[in-house]
Every structure is written in C-alpha cells, then in structure tokens.
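Chain and residue survey
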Amino acid sequence: MADWLAALDRRADLRAKAGLTRRLQPRPANDGMTDLAGNDYLGLATHPEVTAAATAALSAYGLGATGSRLVRGSTDAHHALEAELARWLGTDGSLVFSSGYLANLGALRALVRPRTLLVSDAHNHASLIDGCRISGAETVVTAHADVTAVAAALAAAPGRPAVVVTESVFSVDGDLAPLARLHAVARSHGALLLVDDAHGLGVTGPAGAGAVAAAGLAGEPDVVVTATLSKALGGAGGVVAGPAEFVRHLVETGRTFIFDTALPPAVAAGVHAALRLARTGDDLRAEVADRVVLAVGRLRAAGFVVSAPDAAVISVTAPGPEAATAWAAACRDRGVAVGCFRPPSTPDSRSRLRLTVSAGVPRAAFEQALNVVVECAPARDSEVVA
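Residues numbered from 1 in each chain as written. Predicted model: local features only at pLDDT ≥ 70, side-chain atom pairs only at ≥ 80, totals over all residues. Heavy atoms only, no water.

**Things to note about the side chain of Thr142**
As for its placement among the helices and strands, Thr142 is situated in strand β4 (residues 138–142). Given a relative accessible area of 7%, Thr142 falls into the buried group. (Helix = DSSP H or I, 4+ residues; strand = E, 2+ residues; numbered from the N terminus. Buried < 20%, exposed > 50% of the residue type's maximum accessible area, 1.4 Å probe, protein only.)

Spelled out as structure tokens, the structure:
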C-alpha cells in the first residue's frame, strides 16, 4: 500500500533536483509586502465601495450561495452582475461561474460539436489547454500569435466546425494576441473565435471593456469571451459572454455550471461594485500604463531581457528555474513579492520572474520595489542580458 506514496516521494525528489519544487506561502493580512505578484491591477480589491458592497451582501445572504445556480444559488446579486457584465462587454448575455478556470472548461465543451476542430495558441493558459483536452475534440496547437498557422490549420479541415482559441493578453509574457486578424481568418473559414480576456478586462479597451472591445469585436455573433473576475476586478469567479443562444446553451448543458456551487453572493456583489469603478477608471488605467513603461525602461536599462507588455504583465527572463526561485526569494526577504514562473507553467520552458503592475501600490513603493528586483538579481549570462 505504501508503494504509491514512495513513488510520489521519488517524483518530488526529481522535481527538487530540477529546481521545480513548489511551496505554499501563507500570507497574513496587511503583511507589509510591496505586491508585484498579484493581479489586482486597478487596486480595487480593498476599495471601500467594493468591501462595503460585499459586506452588505454577506449580511443579507450569508457566507455562501448554499447551492448550485439551478437549485438555490442564483441570487439577485448574480443576475445584476451578469446584466452589468453583458452591457460592459457589449454582448447579448453573460453567465457567471465560480472561477475563470471553470468558465473556460465550460465554454470550450459547449462549443464542441461532432467533428469540431479546436485551433489553440501554443502559449494559452492551462485552463484553455485543459478545456480543449476535456472537450474531446481534435486540437491543433499553432505557433504563438501566428495568424498564418491558424489559417493553414483551418484550411486543412474544410467543412468542419472549428473554434480558434486564444488569450487576449497572454498571462506569461503579457503580449497581446492579434485579435482582429484572428477573427478575420476565423470568419473567412466559418470558424468561431473564443477569447480569454482575463488579463485585458479592466485594463484595456474603451471604459476598460477589454481587448476584445479594443479590437472592435464586441458583440460579434461568432465571438465568445471568457474572463476571470479575480484580476482587475479584484474578486473571484469567472464569466462567459456572447450570444444569448450560447448563454442559454450553457445554462442548460454546461456541466461546470450546473454541477458546481454558485459563487458566493457577497463576492458577486463586491465584483459588481468593482465593475462600476473600473468602467470609470481611466485614471487608474493611465497610471498602470505609465508604470509599465517605467518598469520596462528601468529593467532593460539594468540589462535584463524584458517582454514588451501590452497590459499590466511584465516578464523578466531568469537563467533557470533554481535562479528564478532564488531571485524571487531574495526579493521576498526584502519585502517585495514577485511572481516566479518555471516549467511546466511556462509554454517555452524558459524560467522568468513575472511582475504585475497595480495602481493600488503606492508609487514610491513601486519604484523602490523595482530597485529591489534589480539588486536581488542572480549572476547573469547571455540568457538574461539583452
């Protein structure tokens, strides 16, 4: 009986030798760290209007939704949030899930029909990759942001239903997908386009409506948008938005919707308040954009290979997984939290620090944190120096 546990220990040893050990780091409230790792891009997670809305709903509804959405879990807070999300995103309707991960799994499964071909970007998030796998559909993985490769994959499957699957702002390097060109290619082949706008929503687009809206694709009948509500909106949950017929199909057939306990009403209410603030938060978006330029310039001037981000995610190449881990730990010891991405979390087997920009971090603390990142860097070689 102990053999399987011994096998797990051996696999853990192999991960440790490769520098791929992962550990949970408990975070107390008000820990005093400067946060360059979280995804609260607009600083709304602790905004007084957001916490007040969540507190009121917590008092009214209690801690949880007490059931799935089709049993007792659909509250006024959920429906109000869904209506506001649809207006913001410019779609016929939207449906809230308990996480962005489940939203992606549900959306992809619901888009698949017999003989469907999924064409997925090589840098897509794990939730999209898993959604493609779970759907059971044939999946072709194309080179990152390669519209020509997408066109070739679609052309090689004439007459088959197809879905082009992409993030908008990619979660590792922070670059923007060529959404308008992808949509044009998809439409020319009769395919649908699914866009995970998790890192674009709130940060890009008119009134922060995301990268899909920025590309002029809001409300297009052959476009489905997914997103998490845990990044620029500072909460939790996920959303699928698109044609009313597709939303109805999800309600009636989506397993990750039907058989999952609903998002807590207090979270739905807090996210709704954050959404209202995000819609009018052009000043916050401008501050984020200014800080991104500042950070990229500072890090490149120090000799690092840094991504050219299109939103609030900045990637800094590290020499390897162990160096990335040590770099992140050194920053943490000096009061700065940074992301540390290593295989298999990276699509290209390249380790890096991932820095995220939040308007909620005081400007002086942000600038000092950049100095800490530079000062804590490991010995550099040709892999990490421009």
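**Section: the sheet that holds strand β5 (residues 162–167)**
Strand order in the open sheet formed by seven strands is β2-β8-β7-β6-β5-β3-β4, and the pairing between neighbours is mixed. In this open sheet, the two strands that pair with only one neighbour each are β2 (93–97) and β4. Across this sheet, the average inter-strand angle for adjacent strands is 20 degrees, counted without regard to direction. Relative to strand β8 (residues 238–242), strand β7 (residues 223–228) runs antiparallel, the two being bridged by four bridges. (Pairing = 2+ DSSP bridges. Axes fitted to C-alpha atoms, helices over the stretch in contact; angles between N-to-C directions.)

**Let's talk about the packing of aromatic side chains**
Inspection of the entire model under this criterion finds two aromatic pairs. Note on Phe97 and Phe257: the rings are 5.6 Å apart at their centroids and 65 degrees apart in plane angle, and the pair reads as edge-to-face. Placement of the pair is Phe97 in strand β2 and Phe257 in helix α11 (residues 255–258), with a sequence separation of 160 residues. Like Phe97, the residue Phe257 is buried in the burial classification. (Phe/Tyr/Trp six-rings, centres within 6.5 Å; stacked < 30°, edge-to-face > 60°.)

**Focus: a nonpolar patch on the surface**
Where nonpolar side chains cluster on the molecular surface, the patch consists of Trp4, Leu5 and Leu8 and spans about 320 Å² of accessible area. By secondary structure assignment, the location of Trp4 is in helix α1 (residues 3–17). (Patch = residues over 30% accessible without salt bridge, like charges linked within 9 Å, V, L, I, M, F, W, Y side chains within 5 Å. Areas by Shrake-Rupley, 256 points an atom, 1.4 Å probe, with all protein chains shown as cover. Salt bridge = Lys/Arg side-chain N within 4 Å of Asp/Glu carboxyl O.)

**Section: the confidence of the model for the chain**
For the chain, per-residue confidence averages 95 on the pLDDT scale, and 98% of positions sit at 70 or higher. Every residue in residues 382–386 scores below 50 in pLDDT, and together they form 15 contacts with partners more than four places removed in sequence or on other chains. (pLDDT = per-residue confidence, 0-100. Contact = heavy atoms within 4.5 Å.)

**A word on the nonpolar core**
Core analysis: the biggest nonpolar cluster contains 65 residues, and Leu233, Leu299, Ile314, Trp327 and Val338 have the highest contact counts within it. A total of nine residues in this core trace back to one element, the largest contributor, which is helix α12 (residues 265–279). The contact partners of Leu299, leaving out residues within four places of it in the chain, are Phe304, Val306, Ile314, Val316, Leu355, Val373 and Val374. Grouped together as the second largest cluster of nonpolar side chains are 23 residues, Leu117, Val119, Leu182 and Val225 included. (Core = buried A, V, L, I, M, F, W, Y, C linked by side-chain atoms within 4.5 Å.)

**Concerning empty space enclosed by the protein**
Under the criterion given, the structure shown has three cavities of 30 Å³ or more. Of the pockets and cavities examined, the largest cavity occupies roughly 60 Å³. Every residue along the wall of the largest cavity is listed here: Arg69, His78, Val96, Phe97, Ser98, Thr256, Phe257, Asp260, Thr261, Ala262 and Leu263. Going through the elements one at a time, β2 and α11 are the ones with two or more residues in the lining of the largest cavity. The computed volume of the second largest cavity comes to approximately 50 Å³. (1 Å grid on protein atoms, 1.4 Å probe; cavity = no way out; pocket = protein on both sides within 12 Å on 5 of 7 lines; lining within 4 Å. Points joined across faces, edges and corners; volume = space filled by probe spheres on them.)

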